[in-house]
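Topology and contacts: notes
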There are 2 protein chains.
Amino acid sequence: MSDPSFAPRPTLEAVAARAGVSRATASRVVNGSEGVRAPLVERVRQAVDELGYVPNQAARTLVTRRNDAIAVVVAEPETRFFTDPFFAQQVRGISKELTARDNQLVLLLTEGTADYERVGRYLAGGHVDGALIFSLHTDDSLPTLARRAGVPTVIGGRPGWTDSDSDHGTLYVDCDNRGGARDAVRHLLSIGRRTIAHIAGPLDQTASVDRLDGFRDVLPETDPALIAEGDFTPEGGASAMAELLRRRPDLDAVFAASDVMASGALRVLRTSGRRVPEDVAVVGFDDMVSVAEWTDPPLTTIRQDIEEMGRLMARLLLRAVAPSAGPQSVPALSSIVTPTQLVVRASA
Amino acid sequence: MSDPSFAPRPTLEAVAARAGVSRATASRVVNGSEGVRAPLVERVRQAVDELGYVPNQAARTLVTRRNDAIAVVVAEPETRFFTDPFFAQQVRGISKELTARDNQLVLLLTEGTADYERVGRYLAGGHVDGALIFSLHTDDSLPTLARRAGVPTVIGGRPGWTDSDSDHGTLYVDCDNRGGARDAVRHLLSIGRRTIAHIAGPLDQTASVDRLDGFRDVLPETDPALIAEGDFTPEGGASAMAELLRRRPDLDAVFAASDVMASGALRVLRTSGRRVPEDVAVVGFDDMVSVAEWTDPPLTTIRQDIEEMGRLMARLLLRAVAPSAGPQSVPALSSIVTPTQLVVRASA
DNA sequence: CTGAAAGCGCTAACAA
DNA sequence: TTGTTAGCGCTTTCAG
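Predicted, not measured: the structure shown is a model, and the values here were computed from it. (Residues numbered from 1 in each chain as written. Chains lettered and ligands numbered in written order. Predicted model: local features only at pLDDT ≥ 70, side-chain atom pairs only at ≥ 80, totals over all residues. Heavy atoms only, no water.)

1. Overview of the environment of Arg60 of chain A
Relative to the helices and strands, Arg60 of chain A resides in helix α4 (residues 57–64). The residues touching Arg60 of chain A, leaving out its near neighbours within four places in the chain, are Val30, Asn31, Pro55 and Arg65 of chain A. (Helix = DSSP H or I, 4+ residues; strand = E, 2+ residues; numbered from the N terminus. Contact = heavy atoms within 4.5 Å.)

See the structure below:
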C-alpha cells in the first residue's frame, strides 16, 4: 500500500515527446484550446491515453491561480451538524452542483472559535477559489474572516448583521422563513384553532427570529406565555412544549420552528394525554422527510427545498468566482430567498 | 466581492527581502527548520507578520509532492449518507484527527457509479495524499480504483472481498459487528426470551452479514422465518417487523441490526398492540443517541464508537502516507476492529 | 498553427 | 549557519 511500484506519473513533457509535438501544443490539446490542427490533436490524445496522463493540479494552480475547489465551512460549536439532516442535505446539493462544474469540495469543520484562526489561514492561503459558509449564530465572525482573506463568499442563511453594517453586498441564500411561518399559522387558524403557541428556535439565529416574526405577523397580539424558545433538538422541543402546557393548558395548537422540535413536542403531548390533532394541532417547519413522515402522527409542516438551496449557493458562488458569465453584461449578483410550501399531513 | 482591491499576496521573496535574508533562510524559518540563528528567526517572523505572508500551497505541493490533504470518498448511490447520522459522526472523527495533524479534508460524494471515473481521475491526479473510502456494498469497485491510482487507502468497514482476493494488505477499520450481535442476543436470552427474531441489514454489506453471523453464533438452530431483511431505514425496519409478526406472531424478542430499523420496528409493534418490552423485547445496534434515546421506549442497543472509528481511520491512513514514524522499526500497519458494548435502556 | 522560453512560488541540495 | 542554484509541471506570451 505504501509503496506501489513507485511509477512516477507521466508529465506533459512525456506526452508531448510521445506525440512528437511541443509541450505547448500538448497543453493546448489537454485544455481544449482552439486552433490545433486535427491530426495533432489526435496524436496528443492518443499519447495521453497510452500514458495514462493526468495533469498535475498543483503545477496548474501555480500558474493559473485557480484551484477549481471551494471550501464549505461549517461553524458549529455544538454538535448540530451531526444530528441534523439539514446540513447534510445542503451539502449534497452543493456537492452536486460543484462536481457538475468540475470543482472540488473541501470541507472545513470547526469545533469552536479556536479553529477560526486555522480556517482563516487556510482561506487566505489561496487553497480555494471561494467559500460557502454556514454560521448559524448572529455574532459569528467567520464571514468577516473570509472577507478579509479576500475570498468570494456565499452564506447559508440570512446573516444576522443589520443592514447598516459592513455586510455590504454579502451574498446569501435562505428560504422565506417569515412567509413560511405565516402560512403555518394561517393554516392553523383556517382549521379553527384559536390558542396557538409557538416553539421558537434559538433566537440568536436569524432563521428563528424570522419564523417568530412570521408568527407575530399573523398573531400580533399573542400572549407572550404562548411563546417558548427551543434549541432545534427534540429535547429542546419537548421541554418547550412542557413549559407551554404548564403556562397555557388551554392551548389548542402549536407551531414549532422545526420538525425535529415538533417531534419532541409530539412526544410530550402524547405523554400528557393530549390527542394530536384533535386536542392540539401541530405544525412543524423544514419538511425533513425522515422526521416529518415518521412521527406519530405524521407532521404537517412547511417545506423548504434544502438541497436546492445548497445547489443555489454553489451556483451563486461559482458565478462570483468567475465573473465572466454571459455576453458582456454584469448581472450584479444578488442574494436568493427561496419559497416555502405548506405540506399537510395528519398533525394539523 | 469579486474584486477586493486585488492585492497580490506577498511571496517568500518579499519576506526574505524585508528581513534582509535569503529566500532559503526565510523558508527555513517558515517551516520551522532547525539551525537558524535566533535573531534571524526573529526578523523573518516579523516580516511574515507585517506582510501577512501565507505560503502558497500549490507551489509547495509542486516541489514536496505532498498535499496535506486527504480525500473522503463516500460511495452511496442511495441517499443513505444523508439520512443516517452514521457517516456524519464518522466524518466528524476524521475531521478532528485530520485537522489536528494539519491536513485538509476533501469530500468526494458519488451519486452512482457514473461518478467513479471522476473520482478515479481525481485520485490519480495527485490532489490528495491518501483516501478514506466508504463503500458499503461488497461489489464496489472504488477501493480497486484507489489502489490503481496508487493512493494509500483505508476503508471504512470490512471490505466484502474474500481473503483469497486481491485485498492483500488493504487496511480497514470496523467495529466488532459479530461479537456485538452475540452480546445482543445473549442479553435477550438472559432476560428470558426464547423466540428471538432478527431484522438484518442489506446482506450485500459486510456489517449486515457479520451481525447476522453473530446472531446465528448464539442461535444456530433459528427458524429461518424469524429472520427478515431490512435496509437500514425506519421504513425497512417497519416492514420487516410486520413480516416477522405475520410469520411468527409468537415471537417475544427482536434484535434489529440498527437503531434506525429498530425505531421502525417499534412503531409497528405499537400499532399491532404489542407492549415493549413486556410482550416483545427489542435490541438495536449502533447506539445512535439521537435515535436510541428518543424512541418510545428508549432502546437497549449495542454501542459502537463511531467517531472514534473515524479518528482511527484517519490516523491509520496518515501513518500509511508518511511511513516515517517511530525510530526505525516498521510496525507493519494493520486493520483495526474496535470493541462494542451493550447499553441497556428500557426496550429489553 | 506551432514551438521556444519565461516564469508561477517554493523547497532542497550543494556550496560557501 | 546561510546563501546560491536548480528545478517541481504547467500555462502563456512571443516569435517564427
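2. Comments concerning the pairing of strand β5 (residues 171–175) of chain A
Residue and element names in this part refer to chain A. In terms of burial, β5 is a largely internal element, five of the five residues being buried. Residue alternation in β5 divides its side chains into two sets, Leu171, Val173 and Cys175 and Tyr172 and Asp174, and both sets are buried. Relative to β5, strand β4 (residues 153–156) is paired through three bridges, and the arrangement is parallel. Among the inter-strand pairings, Gly156 is bridged to a residue of β5, identified as Val173. (Buried < 20%, exposed > 50% of the residue type's maximum accessible area, 1.4 Å probe, protein only. Pairing = 2+ DSSP bridges.)

3. As for the confidence of the model for chain A
Residues and elements named next belong to chain A. Averaged over every residue, the pLDDT of chain A is 87; the share at 70 or more is 91%. When the criterion is pLDDT under 50, residues 1–6 qualifies, and its contacts beyond four places in sequence or with other chains add up to five contacts. Here residues 325–329 is modelled with pLDDT under 50, and outside its nearest four sequence neighbours on either side it reaches zero contacts, counting other chains as well. (pLDDT = per-residue confidence, 0-100.)

4. Things to note about the domain arrangement of chain A
By the assigned domains, chain A splits into domain 1 (4–64), domain 2 (69–175 + 308–337) and domain 3 (177–304). Relative to domain 3 of chain A, the C-alpha centre of domain 1 of chain A lies at a distance of 60 Å. (Domains from an automatic or database assignment.)

5. A few points about the sheet that holds strand β7 (residues 227–229) of chain A
All names here are of chain A. Pairing in this open sheet of four strands is parallel, and the strands run β7-β6-β8-β9 from one edge to the other. Edge positions in the sheet fall to β7 and β9 (281–283), since each of these pairs with one other strand and no more. Within this sheet the neighbouring strands show an average axis-to-axis angle of 15°, counted without direction. In the sheet, strand β6 (residues 196–200) pairs with strand β8 (residues 253–256) via four bridges, with the strands oriented parallel. The partner of Ile199 across the bridge, within β8, is Ala256. Across the sheet, helix α9 (residues 177–190) lies against β6, β8 and β9, angled at about 165° from β8, the strand it touches most. (Axes fitted to C-alpha atoms, helices over the stretch in contact; angles between N-to-C directions.)

6. Quick word on the interface of chain A and chain B
At the junction of the two partners, chain A supplies 52 residues and chain B supplies 53 residues. Regarding the contact of chain A and chain B, the summed buried area is about 4700 Å², with carbon and sulfur atoms giving 61% of it. At the boundary of chain A and chain B, one finds two salt bridges. The partner of Glu111 of chain B in a salt bridge is Arg92 of chain A, with the nearest N and O atoms 3.3 Å apart. Counting across the interface, chain A meets chain B through six residue pairs in polar contact (both at pLDDT 80 or more). Broken down by secondary-structure element, the contributors of at least two residues to the side of chain A that touches chain B are α4, α6 (85–100), β2 (104–110), α7 (116–124), α11 (234–247) and α12 (259–271) of chain A. Ranked by residues supplied to the side of chain A that touches chain B, first place goes to α6 of chain A with eight residues. Here the side of chain A that touches chain B is built from residues that sort into 25 nonpolar, 15 polar and twelve charged. As judged from the three bridges shared by β2 of chain A and strand β2 (residues 104–110) of chain B, these two strands associate in the antiparallel manner. Following the sheet pairing, Val106 of chain A is matched in β2 of chain B by Val106 of chain B. (Buried area = accessible area lost by both parts, 1.4 Å probe. Salt bridge = Lys/Arg side-chain N within 4 Å of Asp/Glu carboxyl O. Polar contact = N/O pair within 3.5 Å; in protein donor to acceptor, adjacent residues only side chain to side chain. Nonpolar A, V, L, I, M, F, W, Y, C, P; charged D, E, K, R; others polar.)

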